[in-house]
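A structural walkthrough
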Amino acid sequence: MPKDQFPEAYEPAPELSELFRQYHEACEPPEAGANFMPVLWEKIEARQTVFTVFGRSSKALVTCALAASLMMGIYVAMPGKHINPFYTVSYVEALAVDQALQTAEYSEPVHADSLVDAQDAEFELL
Amino acid sequence: MLVEFDLIKRAQGGDSAAFNQIVLAYRKRILGTIARLISRVEDVEDVAQEVFLRLFFSLDQLRSPEVFETWLYRLTVNAAYDYLRKQRRRPESRMSDLSEQQVMMADAAASGKFDAEEQRKRRVRESVSSLLGAVSEEDRILLTLKEVEGLSLKDLEKIYKVKENALKVRLFRARHRVLRALGSTSPVER
């Protein structure tokens, strides 16, 4: 690792320290203008107004959202109001009807050989 | 502490007069720090007002008045950092962007009104300003607080909320970058 990677081993450059010291001397704190405090309070009041408007808007939005949620909840909870005219039966009922239709249409194929065999068997028994 | 804890508590309670007293007590110190951090005289007051504005709206978040000064320093550093970042986004300089002081100094220098000492100070300000302008805002602020403001590592630890060793590394790297920038520029006249 190179030497300059170790902060502990680093010695501050004297020319830099001297330059910063001179800079501190050269930068005298400026005197505050006569309008410093009035302008500061104007800025505070302006930002307070923004906060107030923003706060009120946020509250109004939250109230509207709550009201809309409540109305939707009531609408969903009301019986018979949300029935779709295309689907008047429940899913289970529709399945049962479909099953019944399928059963009614079911027919086994008739095999001539098996009928002949059955008749022969009856004759043998007799 | 330049103010009593009681005054801070009163300001926290919404006492405007108490807040005014706090501003008056710390105004000079904050103006000085900002002047050294941003080195643009006509914007110093604006940034200082932003610091006190932030103080006003966040004073109720201060849990213990003992850490008030560290906290105020942090607000100052953040406001200066935001200012420097905005400045960096618009680096082009026009004549109308020159500060009043710069124009005044240029005029005075041209007419020979300034004495040698004032000219030397101006050159130092310009040199350090351009030197610090060559590094990032973070490096600039950290170095100014440590080397120019003379804050201790303990103070910086509280302001930056980082460990002393981490600060040492950051300072070392910042100094290294400034030294490189110093090496690439012409030596300052002393």
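Residues numbered from 1 in each chain as written. Chains lettered and ligands numbered in written order. Predicted model: local features only at pLDDT ≥ 70, side-chain atom pairs only at ≥ 80, totals over all residues. Heavy atoms only, no water.

**Digging into the overall build of chain A**
To keep it simple, the criterion reads: In DSSP terms, a helix is any run of H or I states spanning at least four residues, a strand is any run of E spanning at least two, and both are numbered starting from the N terminus. Partly exposed describes any residue whose relative accessible area lies between the buried limit of under 20% and the exposed limit of over 50%, with all areas from a 1.4 Å probe on protein chains only and scaled to the type maximum. Residue exposure ignores everything except the shown protein chains as possible cover, and the areas themselves are Shrake-Rupley values with a 1.4 Å probe.
If you tally the helices and strands in chain A, you get 4 helices and 0 strands. Residue burial in chain A is summarised as follows: out of 126 residues, 12% are buried. Counting only carbon and sulfur atoms, one obtains 65% of the accessible surface of chain A, whose full area is about 10,700 Å².

**A few points about the interface of chain A and chain B**
As a reminder, the rule being used: Residue contacts are counted whenever heavy atoms from the two residues lie within 4.5 Å of one another. By buried area we mean the combined loss of accessible area, with a 1.4 Å probe, across both parts when two parts are placed together. A carboxyl oxygen of Asp or Glu within 4 Å of a side-chain nitrogen of Lys or Arg is what we treat as a salt bridge. Any pair of N or O atoms that falls within 3.5 Å is considered a polar contact. Within protein, one atom must be able to donate a hydrogen and the other to accept it, and sequence-neighbouring residues count only if both atoms are side-chain atoms.
Residue-level contacts link 34 residues of chain A with 42 residues of chain B. Where chain A abuts chain B, roughly 3,900 Å² becomes buried across the two surfaces, and 71% of that area is made up of carbon and sulfur atoms. At the boundary of chain A with chain B, the tally comes to 4 salt bridges. When the shortest N-O distance is used, the salt bridge between K121(B) and E28(A) registers 2.9 Å. Counting every contact that joins chain A to chain B gives 12 residue pairs in polar contact (both at pLDDT 80 or more).

**Structural notes on the packing of helix α2 (residues 36-77) of chain A against helix α2 (residues 16-38) of chain B**
Stated formally: To define axes, lines are fitted to C-alpha atoms, for helices over the stretch in contact only, and angles between the resulting N-to-C directions are given on a 0 to 180 degree scale. Angles below 35 degrees are treated as roughly parallel, those above 145 as roughly antiparallel, those between 65 and 115 as roughly perpendicular, and all remaining angles as oblique. The sense of a crossing depends on the near helix, which, turned anticlockwise from the far helix by less than a right angle, makes the crossing left-handed and, turned clockwise, makes it right-handed. Amino acids are sorted into nonpolar (Ala, Val, Leu, Ile, Met, Phe, Trp, Tyr, Cys and Pro), charged (Asp, Glu, Lys and Arg) and polar (every other residue, Gly among them).
Their axes nearest at 12 Å, the elements α2(A) and α2(B) cross at an angle of 120°. Here α2(A) lies oblique to α2(B), going by the angle between them. The interaxial crossing formed by α2(A) with α2(B) has right-handed handedness. For the pair α2(A) and α2(B), the contacting residues are F36(A), M37(A), L40(A), W41(A) and I44(A) in the first and S16(B), F19(B), N20(B), V23(B), L24(B), R27(B) and L31(B) in the second. In terms of residue class, the contact of α2(A) with α2(B) is built from 9 nonpolar, 2 polar and 1 charged.

**Comments concerning the pattern of salt bridges**
All names here are of chain B. Overall, the coordinates contain 21 salt bridges over all chains when judged by the stated rule. The residue E147 makes a salt bridge to R175 at a minimum N-O spacing of 2.7 Å. Placement of E147 in helix α7 (residues 137-148) and of R175 in helix α9 (residues 164-184) is noted, with a sequence separation of 28 residues between them. Exposure remark for R175: the relative accessible area of 12% places this residue in the buried category. Residue E157 is joined to K154 by a salt bridge in which the shortest nitrogen-to-oxygen separation is 3.9 Å.

**Remarks on the nonpolar core**
Residues and elements named next belong to chain B. What counts is decided by this rule: By nonpolar core is meant a set of buried Ala, Val, Leu, Ile, Met, Phe, Trp, Tyr and Cys residues that side-chain atoms within 4.5 Å join together.
Formed by 67 residues in total, the largest nonpolar core has its most connected members in F19, L55 and F68. For this core, the leading source of residues is α2, giving 11 residues. Setting aside chain neighbours within four positions, we find F68 in contact with M1, I8, I22, Y26, L55, L59 and L62.

**Remarks on the confidence of the model for chain B**
All names here are of chain B. We count it as follows: Residue-level confidence of the predictor is what pLDDT reports, using numbers from 0 through 100.
Model confidence for chain B is summarised by a mean pLDDT of 83, while 83% of its residues fall at 70 or above. Below pLDDT 50 for its whole length, residues 186-190 participates in 5 contacts with residues either more than four positions away or in separate chains. The complex prediction reports pTM at 0.67, with the ipTM value standing at 0.76.

**A word on a nonpolar patch on the surface**
Our working definition: What makes a patch is a set of residues exposed beyond 30% relative accessible area and free of salt bridges, joined within 9 Å when like-charged and within 5 Å when nonpolar (Val, Leu, Ile, Met, Phe, Trp, Tyr).
There is a patch of nonpolar side chains on the surface, built from L70(A), I74(A) and M78(A) and spanning about 290 Å² of accessible area. Topologically, I74(A) is positioned in helix α2.

**Quick look at the packing of α2(A) against helix α3 (residues 41-58) of chain B**
When two helices pack together, their arrangement is given by the angle between the helix axes and the distance between those axes. Running from N to C, α2(A) and α3(B) point in directions that differ by 50°, and their axes come no closer than 10 Å. Taken as axis vectors, α2(A) and α3(B) run oblique relative to one another. Here α2(A) runs over α3(B); the crossing is right-handed. For the pair α2(A) and α3(B), the contacting residues are F36(A), V39(A), L40(A), W41(A), K43(A), I44(A), R47(A), Q48(A) and F51(A) in the first and E45(B), D46(B), A48(B), Q49(B), E50(B), F52(B), L53(B), F56(B) and F57(B) in the second. In terms of residue class, the contact of α2(A) with α3(B) is built from 11 nonpolar, 2 polar and 5 charged.

**Some points on the environment of R10(B)**
Examined against the element boundaries, R10(B) turns out to sit in helix α1 (residues 5-12). Note on R10(B): relative accessible area 35%, which makes it partly exposed.

**With respect to α2(B)**
Residue and element names in this part refer to chain B. For clarity, the threshold we go by: Helix span is expected to be 1.5 Å times the residue number reduced by one. Take the seven residues that end at a residue and the seven that start at it, fit an axis to each, and the angle between those axes is the bend at that residue.
An ideal rise of 1.5 Å per residue puts 33 Å on 23 residues; α2 reaches only 29 Å between its terminal C-alpha atoms. At Y26, α2 shows its maximal kink, close to 50°. Note on α2: the residue one or two positions beyond its end, S39, has a positive phi of about 45°.

**Here we look at the packing of aromatic side chains**
Rules: Each aromatic pair joins two rings of Phe, Tyr and Trp (for Trp, the six-membered one) with centres within 6.5 Å, and gets the label stacked for planes under 30 degrees apart, edge-to-face for over 60, and tilted for any other angle.
Under the definition given, this model contains 6 aromatic pairs over all chains. Taking the centre distance of 5.1 Å and the plane angle of 80° together, the rings of F19(B) and F56(B) count as edge-to-face. Residue F19(B) is found in helix α2, and its partner F56(B) is found in helix α3; the two are separated by 37 residues along the sequence. With relative accessibility at 24%, the residue F56(B) sits in the partly exposed group. The rings of W41(A), F19(B), F56(B) and F57(B) are connected pair by pair, giving a single aromatic cluster.

**Points about the side chain of T33(B)**
With respect to the secondary-structure elements, T33(B) resides in helix α2. Residues within four places of T33(B) in sequence aside, it is in contact with Y73(B), T76(B), L145(B) and E149(B).

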